[in-house]
Amino acid sequence: MQRALLYFIAGTAVSFLLNYFILGSQGWELDLFYGFSFGLAWGIAYFLDDVKFTLAQKFSISFIAMGLLAVLGTLIFNFELAVPSVIKFSMVFVAYYLIASFRRSKSLRQ
């Protein structure tokens, strides 16, 4: 759990800094929200990368997180600005498990 939290914080910070300083800022609030979605995806993917979670649980938790990102982004900004955060989340989440699928253990934890 501690390492998942570390991935969340590091992912949020790195994504925010890249968006804000290098890729062109759309405002620090929106860049922070997109960084939050990136870090959340890495943190949740790492946390769920355990044999105690079934595939259905992994899907359910990731869909709940995407729904919360969409609702939170719509409340803070608007729906058009919230959708890219869901896309970033899903891309990072899928990339994590795609990279893990190339390993013999099918996990990035080991």
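Model, not experiment: these values are computed from the prediction.

Explain the overall build of the protein chain to me, and be specific about the residues and the numbers.
Across its full length, the protein chain holds four helices and zero strands. In sequence order, the protein chain lays out its α and β elements as α-α-α-α. Its C-alpha radius of gyration of 14 Å places the protein chain within 12% of the 13 Å reference for a compact globule of 110 residues. Along the three orthogonal principal directions, the C-alpha set of the protein chain runs to about 40 × 25 × 25 Å. Within the protein chain, the fraction of its 110 residues that count as buried is 35%. Taking the intrachain contacts of the protein chain between residues at least 6 apart in sequence as the baseline, contacts between residues at least 24 apart amount to 63%. With the model as given, the accessible surface of the protein chain reaches about 6900 Å², and the carbon-plus-sulfur share is 73%. Separation between the mean location of the 8 positive side-chain charges and that of the 5 negative ones in the protein chain comes to 19 Å.

Got a sec to walk through the environment of Q2? Specific residues and values, please.
Residue placement: Q2 occurs in helix α1 (residues 2-22). Note on Q2: relative accessible area 72%, which makes it exposed. The spatial distance from the C-alpha of Q2 to the C-alpha of F47 is 9.3 Å, given a sequence separation of 45 residues.

Hey, could you go over the packing of helix α2 (residues 28-48) against helix α4 (residues 79-101) for me, with residue numbers and the actual values?
Following both chains from N to C, one finds α2 and α4 inclined at 30°, their axes separated by 8 Å at the closest point. It follows that α2 is roughly parallel to α4 by the angle criterion. For the pair α2 and α4, the crossing hand works out as right-handed. Judged by residue contacts, L30, F33, Y34, S37, F38, L40, A41, W42, I44, A45, Y46 and L48 of α2 engage L81, P84, S85, K88, F89, V92, F93, Y96 and Y97 from α4. Counted by class, the contact of α2 with α4 contains 18 nonpolar, two polar and one charged residues.

Cut-offs applied
Residues numbered from 1 in each chain as written. Predicted model: local features only at pLDDT ≥ 70, side-chain atom pairs only at ≥ 80, totals over all residues. Heavy atoms only, no water. Helix = DSSP H or I, 4+ residues; strand = E, 2+ residues; numbered from the N terminus. Rg over C-alpha atoms; globule rule 2.2 N^0.38 Å. Buried < 20%, exposed > 50% of the residue type's maximum accessible area, 1.4 Å probe, protein only. Contact = heavy atoms within 4.5 Å. Areas by Shrake-Rupley, 256 points an atom, 1.4 Å probe, with all protein chains shown as cover. Lys, Arg positive; Asp, Glu negative; His and termini not counted. Charge placed at Lys NZ, Arg CZ, Asp CG, Glu CD. Axes fitted to C-alpha atoms, helices over the stretch in contact; angles between N-to-C directions. Parallel < 35°, antiparallel > 145°, perpendicular 65-115°, else oblique. Left-handed = near helix turned anticlockwise from the far one by under 90°. Nonpolar A, V, L, I, M, F, W, Y, C, P; charged D, E, K, R; others polar.

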